[in-house]
Amino acid sequence: MSDEVLFEINRGVGKITLNRPKAINALTSDMFRSLDAKLDEWAEDERVERVELTGVEGRGYCSGADIRALRELIVEKGDGSPLREFLELEYDVDAKIVRFPKQFDSYLFGVSMGGGLGLSMHRGGAGKRVAKADLRWAMPETGIGLWPDVGVTYELARMPGELGTHLALTGAPIDAASALYAGVITEVEGDVAPANSALAKNQPWIDECYSGDDPVEILRRLEEHPIAAARETAELIRGRCPMSVCVSLEAVRRAAKAKDVFEVLDQDMALGRAWAKQPEEFVEGVRAQLVDKDRQPRWRNQRVEEVDPAEVQARFDA
C-alpha cells in the first residue's frame, strides 16, 4: 500500500491519515487504491469498531485531487481517459465510505476541498464531521473548468435557502462558522457563532439572487443588486468557466431531487464521462491556476450567455 495514506488500529479505532503534507494531502490514484483495499479489510475486522479520517498536520486536511498530475497525464496521453479512470476510482471509494458498516468520523482543518470532501461528507448521522477553527471549506471546481463533484451537490442542494447554489457556482471558500451554519460539519473545535457567520449574514441577498434555473438571470440579479457583495460575487462568477457554471447550477437542481447520494455520484460519473470526451477546459483551467499561474484561463465560451443550454443538458446523458 502507498505510504501516502497511513493506517493504524488503536483501541478499537481505525485511523486513516492522508500523508502528503507538501501537497496539502492531495489525492492520487494510488491513495484511492490503498483506501479501497483497507476499507474492505476493516469492514470485516472485529478489532475496528469505528474509523477516523484526517490529514497529516500542515496547511490543511486535503486540497482535493492532485489535479496538476492528472492534467499531465491527460496532456501526455492526448485524450481524457485518465480523467475518466481517476473519477471512476474516486467515486467508487466515496460510495464505499457511505456504505461502510461502522461509524466513520472525519476531522477537517485548514484547506479542506474537492475530493477530500467526497471522502468525508456523506455519512450523515453515522459519523461526525469535526472541524478546527481554521477551516477553509470549498468546492472550487468552476475555477478549473470542472463542476462540484464527488457527490457533494447532494449536500449543497440541502443547505439552507440558496447557499449551496452560491457555493457551487462561485467555488468560494467558507470558514468554520459558515460551514457549521450550512450543515456541512457537525461541530467545531473552538468557539464560533454560526448565526453570525459571513454566510448567514449574506443569505438574504443570496436567496434573492440565486433562485431559479437560469444562470444568465442569476448573474443579472447579482450584477444589478444594490449590495456591493452581490455585485462582487457576479464579477467572481464571470471569471469562472462559463460551461462549468451552467453545469453546476443544473447539477445542484437535479441533486435536490435525488433520493440519495448514490444517485448524485451516478450523475457525477455521467458528467465525468462527458468531461473526459472534452477535457480541454479542465486542462486550461489547471494551467492557468497551477501551472503557468497567470490566472488568465482562455475558456471556450467567454461568457455564460454564450453557453448552449442543450449542450449543458447533453452532458448529463453521457
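Residues numbered from 1 in each chain as written. Predicted model: local features only at pLDDT ≥ 70, side-chain atom pairs only at ≥ 80, totals over all residues. Heavy atoms only, no water.

Asker: Tell me about the pairing of strand 2 (residues 13-18), residues and numbers included.
Answerer: With five of its six residues buried, strand 2 lies for the most part within the structure. Pairing of strand 1 (residues 5-10) with strand 2, which is carried by six bridges, proceeds in the antiparallel orientation. The partner of Phe-7 across the bridge, within strand 2, is Ile-16. Where strand 2 and strand 3 (residues 50-55) come together, six bridges link them in parallel fashion. If you follow Leu-18 over to strand 3, its bridge partner there is Gly-55. (Buried < 20%, exposed > 50% of the residue type's maximum accessible area, 1.4 Å probe, protein only. Helix = DSSP H or I, 4+ residues; strand = E, 2+ residues; numbered from the N terminus. Pairing = 2+ DSSP bridges.)

Asker: Can you tell me about the UniProt feature "domain: Enoyl-CoA hydratase/isomerase" (unreviewed entry) in the chain, naming the residues and giving the values?
Answerer: Under the present numbering, the feature "domain: Enoyl-CoA hydratase/isomerase" (unreviewed entry) in UniProt falls on residues 13-187 and 195-316. In this annotation, residues 195-316 is assigned 68% helix and 0% strand; the end-to-end C-alpha distance for the span is 36 Å. (UniProt positions renumbered as here; feature names shortened; annotations may be inferred.)

Asker: Can you break down the environment of Asn-202 residue by residue, with the values?
Answerer: Along the chain, Asn-202 falls in helix 8 (residues 198-209). Of the residues examined, Asn-202 reaches a relative accessible area of 26% and is grouped as partly exposed.

Asker: So what's going on with the side chain of Arg-129? Which residues, and what values?
Answerer: On the secondary structure map, Arg-129 appears in strand 6 (residues 129-132). No salt bridge is formed by the buried Arg-129. Its closest oppositely charged neighbour is Glu-155, at 6.5 Å. Of the polar contacts made by the side chain of Arg-129, one reaches the backbone oxygen of Gly-183; its length is 3.2 Å. (Lys, Arg positive; Asp, Glu negative; His and termini not counted. Salt bridge = Lys/Arg side-chain N within 4 Å of Asp/Glu carboxyl O. Polar contact = N/O pair within 3.5 Å; in protein donor to acceptor, adjacent residues only side chain to side chain.)

Asker: A description of the packing of helix 1 (residues 29-44) against helix 3 (residues 81-99) should follow, citing residues and the corresponding values.
Answerer: Axis separation between helix 1 and helix 3 bottoms out at 10 Å; the angle between their running directions is 30 degrees. As the angle between them shows, helix 1 and helix 3 are arranged roughly parallel. In the crossing of helix 1 with helix 3, the sense of the turn from one axis to the other is left-handed. In contact with Ser-29, Phe-32, Arg-33, Leu-35, Asp-36, Leu-39 and Asp-40 of helix 1, helix 3 contributes Phe-86, Leu-89, Glu-90, Val-93, Lys-96 and Ile-97. (Axes fitted to C-alpha atoms, helices over the stretch in contact; angles between N-to-C directions. Parallel < 35°, antiparallel > 145°, perpendicular 65-115°, else oblique. Left-handed = near helix turned anticlockwise from the far one by under 90°. Contact = heavy atoms within 4.5 Å.)

Asker: Describe the layout of surface pockets, with residues and values.
Answerer: Looking at the largest pocket, its volume works out to about 930 Å³. For the largest pocket, the lining is made up of 39 residues, of which Ser-63, Ile-67, Met-113, Pro-140 and Leu-290 are closest to its centre. Ranked by the residues each element gives to the lining of the largest pocket, the list is headed by helix 3, at four residues. A per-class count over the lining of the largest pocket returns 20 nonpolar, seven polar and twelve charged. (1 Å grid on protein atoms, 1.4 Å probe; cavity = no way out; pocket = protein on both sides within 12 Å on 5 of 7 lines; lining within 4 Å. Points joined across faces, edges and corners; volume = space filled by probe spheres on them. Nonpolar A, V, L, I, M, F, W, Y, C, P; charged D, E, K, R; others polar.)

Asker: Report on the packing of helix 2 (residues 67-77) against helix 3, specifying residues and quantitative values.
Answerer: Between helix 2 and helix 3, the least distance of the axes is 8 Å, while the angle of their chain directions is 140 degrees. Between helix 2 and helix 3, the crossing angle belongs to the class labelled oblique. Residues Leu-70, Leu-73, Ile-74 and Lys-77 of helix 2 form the contact with helix 3, whose own contacting residues are Ser-81, Pro-82, Leu-83 and Phe-86. A per-class count over the contact of helix 2 with helix 3 returns six nonpolar, one polar and one charged.

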